[in-house]
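If you want the building blocks of each chain, they are given just below.
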Amino acid sequence: MKTNRMIALVVALGTTFNLLAETTVHTRPITLDEAITLARVQSVDAAVALNELKTAYWEYRTFRADLLPEVNFSATVPSYAKSYNSYQQSDGSYTFVRNNFMQMSGEISIDQNIWLTGGTLSLNTSLDFMKQMDGMKDERYMSVPIALTLNQPIFGVNTFKWNRRIEPVRYAEAKANFLSETEEVTMTTINYFFNLLLAKENVGIAKQNLENAEKLYEVAKAKRRMGQISENDVLQLKLNVLNAQSSLTDYESSLKSNMFQLRSFLALGEDVELEPILPDTLPSTLVNYQDALDKALANNSFAHNIRRRQLEADYNVAKAKGNLRQITLFAQVGFTGTDQTFKGAYNPLKDNQIVEVGFKIPLLDWGKRRGQVKVAKSNREVVQSRLQKETMDFNQNLFILVEQFNNQRAQLDIANEADQIAQRRYKTNVETFMIGRISTLDLNDAQVSKDEARQKHISELFYYWYYYYQLRSLTLWDFEKNTNIDADFEAIIKK
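Residues numbered from 1 in each chain as written. Predicted model: local features only at pLDDT ≥ 70, side-chain atom pairs only at ≥ 80, totals over all residues. Heavy atoms only, no water.

### Looking at the nonpolar core
In terms of nonpolar packing, the biggest core is built from 45 residues, with Phe193, Phe194, Leu266, Leu274, Trp465 and Leu471 touching the most fellow members. Every element with two or more residues in this core is listed here: helix H2 (32–42), helix H4 (159–225), helix H5 (231–265), strand E6 (272–276), helix H6 (289–299), helix H7 (301–322), helix H8 (368–434) and helix H9 (440–475). At nine residues, H9 tops the list of elements feeding residues into this core. Counting 18 residues, the second largest nonpolar core, distinct from the first, contains Ala213, Leu216, Leu237 and Ala446. (Core = buried A, V, L, I, M, F, W, Y, C linked by side-chain atoms within 4.5 Å. Buried < 20%, exposed > 50% of the residue type's maximum accessible area, 1.4 Å probe, protein only. Helix = DSSP H or I, 4+ residues; strand = E, 2+ residues; numbered from the N terminus.)

The following block contains the structure:
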């Protein structure tokens, strides 16, 4: 008895939970514009595009920081040594002497990279302290109140100068790429939205077809009893009912799958059932190929990518040539002082001057460095050939896209009219079949044509929107507002 009560309680609770789960699901009508807005804010693809932009931004900021003065502080507090070191005496013999001392040092420097020459200029001040731990336990201070140091490579590649040419182009490429990826998020949204819209229409079509098939089957059975139609026609209509039931099951499954796909892409909860609304307005515009090409070459990340890769190929050649010989100039001028007291280390001061010129020129490297120059030049030619082909392909693809978009409006109008005609034809054929003037084959043909025409209409509408945003992605141009697609990158990055 208790077991039966427990089973009844579990069943009741399960039923209650199911009812609660069903009541929490709510339908949300959604337009194409709303789906696009949500995707640009909430989708994973949009987050990836934003993070790529942030990475490029901080890389550019790092490059800019390399051109600004840098203040550094370095110190050793303390350094202690208690050891034996070799020492050469006046007679030429060697012995070991004991060292036992503590040392501390500190230095502050202002370093500035010189982008014009590729060298580094430093203004620094330092103080060293040494205390002998054995014997007299002397203390010594050595100060460098001010020193100016130049470290300048000669004949080598000037990395700072090349970075000033490459990095702004790289950042411009990243910004343009972010805008293009945002438009590509829109294109993905359009794909998912119209897949759901088509699945919804297919379910509606399948339900209507099933309802019509069941009505016609009932009429056919009545006519068969009166001897007005053959047994074959009745069986065919029964088969139509079964096919309609099967199609409805398939389309409902497809609807759930596409619902999940769009909902997941928009980062919406599973308690939301989306109800896509067929777009009723279209951007009415025709695109000129030459105008679109000019805008694409001016705005698209592809143009910046071409320029950056050309510069990088030239830089690699310059770097290989610079490695043929290495000469470095090091110069330092300033003042220094040393004394047993801190104050005495700064008064009096003495001149401190160092000039060094070091060089490394290979006398025999079996042609390795000249070979590296040849390789860099060959790679540059390969890059130039690839860029030329990529440019031709880009122009050709843009031309095809412009033609497809300009023709798509006519295709959409034709599909719309065909949809209306097919709907009227099917309705007329149903009425004609009811009075026995057409066969089931003609009726089935009208139904198939009706369904295909509706699907074709939605498909052509999808291609119109898809081509439109693909053009926006390539040209970064808003054809409705007739202006560039731009963004406040500083505000976007700080979000």
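So, next bit.
### Overview of helix H3 (residues 44–66)
Here H3 contains 23 residues, and its C-alpha end-to-end distance of 33 Å stays within 8% of the 33 Å for a straight helix at 1.5 Å per residue. Residues of H3 that are buried in the fold lie against H2, H4 and helix H10 (489–493). (Expected span 1.5 Å × (residues − 1). Contact = heavy atoms within 4.5 Å.)

### Quick notes on the packing of aromatic side chains
Applying the stated criterion across every chain yields a total of 22 aromatic pairs. Considering the side-chain rings of Phe405 and Tyr464, the 5.2 Å spacing of their centres and the 35 degrees angle between planes classify their relative orientation as tilted. Taken together, the residues span a long stretch of sequence, with Phe405 in helix H8 and Tyr464 in helix H9 at a distance of 59 residues. For Tyr464, a relative accessible area of 1% corresponds to the buried category. With centroids separated by 6.0 Å and ring planes inclined at 35 degrees, the aromatic side chains of Phe405 and Tyr468 adopt a geometry described as tilted. (Phe/Tyr/Trp six-rings, centres within 6.5 Å; stacked < 30°, edge-to-face > 60°.)

### Regarding unusual backbone geometry
Cis geometry marks the peptide bond from Val77 to Pro78, where omega comes out at -15 degrees. Mapped onto the fold, Pro78 is located in strand E2 (residues 70–88). Although it is not a glycine, Ala267 sits at a positive phi angle of roughly 60 degrees. Structurally, Ala267 can be placed in the loop between H5 and E6.

### Let's talk about the pairing of E6
Here E6 shows a clear split, with Val272, Leu274 and Pro276 buried on one side and none of Glu273 and Glu275 buried on the other. Here strand E1 (residues 26–30) pairs with E6 via five bridges, running parallel. Bridge pairing in E6 places Arg28 opposite Leu274. (Pairing = 2+ DSSP bridges.)

### Examining the packing of H3 against H4
As a packed pair, H3 and H4 sit with axes 9 Å apart at the nearest point and diverge in direction by 170 degrees. By the angle between their axes, H3 is roughly antiparallel relative to H4. For the pair H3 and H4, contact is made by Asp45, Ala46, Ala49, Leu50, Glu52, Leu53, Ala56, Tyr57, Tyr60 and Phe63 and by Asn163, Arg164, Glu167, Pro168, Tyr171, Ala174, Lys175, Asn177, Phe178, Glu181, Val185 and Thr188, respectively. Residues of the contact of H3 with H4, tallied by class, amount to 13 nonpolar, three polar and six charged. (Axes fitted to C-alpha atoms, helices over the stretch in contact; angles between N-to-C directions. Parallel < 35°, antiparallel > 145°, perpendicular 65-115°, else oblique. Nonpolar A, V, L, I, M, F, W, Y, C, P; charged D, E, K, R; others polar.)

Remember that the coordinates give geometry; whether it matters functionally is a separate question.
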